[in-house]
Amino acid sequence: MAFKQWKISDYDKVRAKELMDTCDVDAVTAVLLTSRGITEPEQIRAFFSDTCEYIDPFTLPDMDLAVERIGAAIDSGEKIAIFGDFDCDGVTSTALLYLYLRSCGADVIYYIPDRNAEGYGLNIDAIKQFKSQNVSLIITVDNGISALNEVAFANENGIDVVVTDHHMQGSLLPDAVAVVNPHRNDSECEYEDWAGVGVTFKLVSALAGGEEEILEEYADLICIGTIADIVPVLGENRFLIKKGLELINDTKRLGIAALKGVAGVSQKQLTAGDIAFVISPRINAAGRISSAKKAVELLVTDDAPTAIRLAEEIQECNTKRIQIENEMLEDACNMLADDSFVHDRVLVLCKKGWNSGIAGIVASKICERYGKPAIIITDSGESVLKGSCRSLKGFNIFEALSACCDCLKQFGGHTLAAGLSVERERVEEFRALINDYAAKMFRYMPSGELNIDFKINPASINLDVLRALNRFQPFGMGNAKPLFGVFNAKILMITPISGNKHIKITLAKNNTTFSAIYFGYSTESIPFRKGDRVDVALHIEKNEYYGKTTISLFLKAIRYSGFSDSSILNGLRIFENFMRSETTKNEMEFLLTGRDNIAQIYRFLRDNNGWQFSTEELYMCIKPVRMNYSQMRLSLAIMIELGIVIADAQRGRIDLPIEPEKVNISDSRLYRKMMDLSQTL
């Protein structure tokens, strides 16, 4: 994974103490509240409340026009088409609106575009099909804000359009009867963080004249779509998720019960995390591998055998999705082994045959693994290619795409996730443009961060702490699962579990021994050994067994103690600027390296039979006195170039050649480049 800077929350200790006294909360709760900026009594009451003051749906732009037009269509028996999207948010939005309109006696159908054949958003062919079916009103859910030409075409064919969406507005709005979107430039709504299904919920609430009966019936759908779209779990969203989890854990919806069954979680009380990692990926898999219509049908069916059949088909889609995802991720990492663009500020990867339905997942994993915005473009053989974008906090990918709009056929999305289409012959131009934009905006790109709520003494971890943490659920974006730091602990033992698929690390700190599970790591996949001094970031979770509640600790991250992660991060940035030929005079002073550094690295690799972990961990293990991280990275790059060491990107290893050849450091292009710059800058 990409190197992340550990950030410990700088909470107000005085204010935390005041909250303990004035709001009657325990110390852990008070510290977590202040570390998350919830510092006023009214904020705290609202955050922990089981009731919600709903945002008036009519404060959303055009909601009155939407309700008037849809109400007229219901009353007069017009045929209504719901046009959704193929992701989990779009699927749940479609199911919610379809079920509600059907309960009102409306003549309603739904339509989900094929991801590969049609792509995202309203399209002309679908409108022609609606025309042939005598549809007179289209309602978009989770899309439509950028459908200017399509809405105009519908108007020309006598079909009205009501747009409901939550994506960012471009320069113009479509000429629809109503455009309901909290992100409209002229919106005065006090809340704007709904997912597409949240906006659909507001529409349905406006049609019904209230929220309560809608939530009693549909909160499960709203919850799943809201979690899947990774919107802030704050304000109204937080309450929608809480209500939805109650329904999901006592579900009467056949489709959700069947989905829980194939996922093996029927007997479990599901959390927001379970929805995010178990339920919504399966709903998404239908649209990625087969057809999202299956997922909508699953959620709206009232026939148990149909629900079971569809859930099993979707489970098969999810299995296939995982296989394709792994293959694409391996392809992408192999492409990034090429130094020609692995050092770009924004990683743009394109390959023929990649599955466009999996592109967003792979973009997320590349973004996480390399610590950079990632754009995965899939080439299906057409002249126009599709791409999925994921970004890091601090780099607005929607604004970046807007700056490159002349190069794109279409784009849309949010701050951290977006989609695009681009002509094949302009992919390289787009790569250059978005990296030029990034260079103008940032000398050093924003980096990934590991946000730790506060340091904790392992001796103080008990059931009272666990009870305090549970009050903060549901967790998600904007309200992350609390993460605690234990610093300068000593590793006592590393034990493989589940056939070495995971490990248990036993540590000691201040005469207290504690153990934590590190999921997905084997004894061979970490460099740490017994006796090492480390810092760990961990989650505290509940474990129930035969009615007894105990505490389980799970590692999120581990690092060697005593190193400055900011110095390593700055070293990485300086090295990458050198590789991009952007080095300044000040940076050059940190980069200059030579034979002594190369010899030190070589000796370490020789004595340790190579290296299979991160370069940051290599630097920490070498423990150099006079070599900074940028010098180590440049030295290592020179060694790879000259064949002194062999880098295997696929296996993640650095090895020594079996029969090393004598080389001259001055034969290295990188070394000569360094020397030339040192003399000219």
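Structure shown above.
Here the structure is a predicted model, which means the values were calculated and not measured. (Residues numbered from 1 in each chain as written. Predicted model: local features only at pLDDT ≥ 70, side-chain atom pairs only at ≥ 80, totals over all residues. Heavy atoms only, no water.)

### Examining the pairing of strand β5 (residues 160-164)
Okay, step 1: Of all 5 residues in β5, 4 are buried; the element is thus mostly enclosed.
Okay, step 2: The handedness of the strand β4 (residues 135-141) to β5 crossover, carried by helix α7 (residues 148-156), is right-handed.
Okay, step 3: Two elements, β5 and strand β6 (residues 178-180), share 3 bridges in a ladder whose sense is parallel. From the neighbouring strand, Thr164 faces β6, where its bridge partner is Val180. (Buried < 20%, exposed > 50% of the residue type's maximum accessible area, 1.4 Å probe, protein only. Helix = DSSP H or I, 4+ residues; strand = E, 2+ residues; numbered from the N terminus. Right-handed = clockwise from strand over helix to strand, strands pointing away. Pairing = 2+ DSSP bridges.)

### Section: the pattern of salt bridges
Okay, step 1: Considering all chains together, one arrives at 34 salt bridges under this definition.
Okay, step 2: A salt bridge links Lys202 to Glu236; its shortest N-O distance comes to 3.0 Å. Of this pair, Lys202 sits in helix α8 (residues 196-208) while Glu236 sits in helix α10 (residues 235-248), and the two are 34 residues apart along the sequence.
Okay, step 3: Linking Arg559 and Asp565 is a salt bridge whose minimum nitrogen-to-oxygen distance equals 3.0 Å. The pair formed by Arg559 and Asp565 is uniform in burial state, with each residue classed as buried.
Okay, step 4: Connected through shared salt-bridge partners, Arg345, Lys372, Glu576, Arg580 and Glu582 make up one network. (Salt bridge = Lys/Arg side-chain N within 4 Å of Asp/Glu carboxyl O.)

### Notes on the sheet that holds β5
Okay, step 1: With parallel pairing, the 5 strands of this open sheet are ordered in space as β3-β2-β4-β5-β6. Each of the sheet's edge strands pairs with one partner strand only, and the pair in question is β3 (107-111) and β6. Taking the axes of each pair of neighbouring strands and ignoring which way they run, one obtains an average angle of 20 degrees across the sheet.
Okay, step 2: In the sheet, strand β2 (residues 79-83) pairs with β3 via 5 bridges, with the strands oriented parallel. For Ala81, the partnering residue across the bridge sits in β3 and is Ile109.
Okay, step 3: Its contacts with the sheet put α8 on β4, β5 and β6, and the angle it makes with β5 is roughly 120 degrees. (Axes fitted to C-alpha atoms, helices over the stretch in contact; angles between N-to-C directions. Contact = heavy atoms within 4.5 Å.)

### Quick word on the packing of aromatic side chains
Okay, step 1: Across all of its chains, the model carries 22 aromatic pairs by this definition.
Okay, step 2: Judged by centre distance (5.6 Å) and plane angle (50 degrees), the ring pair of Phe398 and Phe411 falls under tilted. Taken together, the residues span a long stretch of sequence, with Phe398 in helix α16 (residues 397-403) and Phe411 in strand β10 (residues 410-413) at a distance of 13 residues.
Okay, step 3: Classification of Phe398 as buried rests on a relative accessible area of 11%.
Okay, step 4: Arranged with centres 6.3 Å apart and planes meeting at 65 degrees, the rings of Phe563 and Tyr619 form a pair that is edge-to-face. (Phe/Tyr/Trp six-rings, centres within 6.5 Å; stacked < 30°, edge-to-face > 60°.)

### With respect to the sheet that holds strand β8 (residues 374-379)
Okay, step 1: Read across the open sheet, the 5 strands follow the order β7-β8-β9-β11-β10; overall the sheet is mixed. Whereas interior strands pair on both sides, the edge strands pair on one side only; in this sheet they are β7 (347-352) and β10. Along the sheet, successive strands turn relative to each other by an average axial angle of 15 degrees, direction set aside.
Okay, step 2: When β8 meets strand β9 (residues 384-390), the two strands line up antiparallel, connected through 5 bridges. Opposite Ala374, over in β9, you have Arg390 as the bridge partner.
Okay, step 3: Here helix α14 (residues 304-336) sits on the sheet and contacts β7 and β8; the angle it forms with β7, its principal contact strand, is near 120 degrees.
Okay, step 4: Running at roughly 170 degrees to β7, helix α17 (residues 427-441) makes contact with β7, β8, β9 and β11 (417-423) of the sheet.

### Digging into empty space enclosed by the protein
To find leftover empty space, a probe the size of one water molecule is rolled over the atoms.
Okay, step 1: Evaluation of the coordinates by the stated rule reveals 2 cavities of 30 Å³ or more.
Okay, step 2: In this structure, the largest cavity spans a volume of roughly 60 Å³.
Okay, step 3: Around the largest cavity, the lining residues are Tyr120, Gly121, Leu122, Gly144, Ser146, Ala147, Glu150 and Gln410.
Okay, step 4: Looking at the lining of the largest cavity residue by residue, the classes come out as 3 nonpolar, 4 polar and 1 charged.
Okay, step 5: Roughly 30 Å³ of volume is contained in the second largest cavity.
Okay, step 6: Every residue along the wall of the second largest cavity is listed here: Ala2, Lys4, Cys367, Glu368, Gly371, Leu392 and Gly448.
Okay, step 7: The residue makeup of the lining of the second largest cavity, split by class, is 3 nonpolar, 2 polar and 2 charged. (1 Å grid on protein atoms, 1.4 Å probe; cavity = no way out; pocket = protein on both sides within 12 Å on 5 of 7 lines; lining within 4 Å. Points joined across faces, edges and corners; volume = space filled by probe spheres on them. Nonpolar A, V, L, I, M, F, W, Y, C, P; charged D, E, K, R; others polar.)

### Topic: helix α9 (residues 212-228)
Okay, step 1: Taking 1.5 Å of rise per residue, 17 residues should cover 24 Å, and α9 covers 23 Å from first to last C-alpha, within 8% of that figure.
Okay, step 2: Of all bends in α9, the biggest is about 75 degrees, found at Tyr218.
Okay, step 3: Among the 17 residues in α9, 12 count as buried, and that is most of the element.
Okay, step 4: Contacts made by the buried residues of α9 are with α5 (88-103), α8, α10, α11 (254-263), α12 (272-289) and α13 (292-300).
Okay, step 5: Following α9 by one or two positions, Ile230 adopts a phi angle in the positive range, close to 55 degrees. (Expected span 1.5 Å × (residues − 1). Bend = angle between axes of the 7 residues up to and from the residue.)

### Looking at helix α1 (residues 13-22)
Okay, step 1: Those residues of α1 not exposed but buried are Arg15, Ala16 and Leu19. All buried residues of α1 fall inside an arc of 105 degrees around its axis, so they share one side. Facing away from the buried surface of α1 by more than 90 degrees, the exposed residues are Lys13, Val14 and Asp21.
Okay, step 2: Looking at the buried residues of α1, the elements they touch are α2 (27-35) and α3 (41-48).
Okay, step 3: At the N-terminal boundary of α1, the capping side chain belongs to Asp12, with an oxygen 3.0 Å from the backbone nitrogen of Val14.
Okay, step 4: Note on α1: the residue one or two positions beyond its end, Asp24, has a positive phi of about 55 degrees. (Arc of directions from axis to C-beta. Polar contact = N/O pair within 3.5 Å; in protein donor to acceptor, adjacent residues only side chain to side chain.)

### Observations regarding unusual backbone geometry
Okay, step 1: Gln473 connects to Pro474 through a cis peptide bond whose omega is 5 degrees.
Okay, step 2: The residue Pro474 is located in the loop between α18 (463-470) and β14 (484-497) in this model.
Okay, step 3: A positive phi is found at Asp142, a non-glycine position, where the angle reads about 65 degrees.
Okay, step 4: Looking at the secondary structure, you find Asp142 in the loop between β4 and α7.
Okay, step 5: Classification of Asp142 as buried rests on a relative accessible area of 1%.
Okay, step 6: At Asn500, a position not held by glycine, the phi torsion is positive, near 70 degrees.
Okay, step 7: Secondary-structure assignment places Asn500 in the loop between β14 and β15 (502-509).
Okay, step 8: The partly exposed category is assigned to Asn500, whose relative accessible area is 21%.

### A look at the packing of helix α19 (residues 565-579) against helix α23 (residues 629-642)
In a packed pair of helices, the relevant descriptors are the angle between the two axes and the axis-to-axis distance.
Okay, step 1: As a packed pair, α19 and α23 sit with axes 7 Å apart at the nearest point and diverge in direction by 45 degrees. The orientation of α19 relative to α23 falls into the category oblique. Note that α19 runs across α23; the crossing there is right-handed. Between α19 and α23, the residues in contact are Ile568, Gly571, Leu572, Ile574, Phe575 and Phe578 and Tyr629, Ser630, Arg633, Leu634 and Ala637, respectively.
Okay, step 2: When the residues that make up the contact of α19 with α23 are grouped by side-chain class, the tally is 8 nonpolar, 2 polar and 1 charged. (Parallel < 35°, antiparallel > 145°, perpendicular 65-115°, else oblique. Left-handed = near helix turned anticlockwise from the far one by under 90°.)

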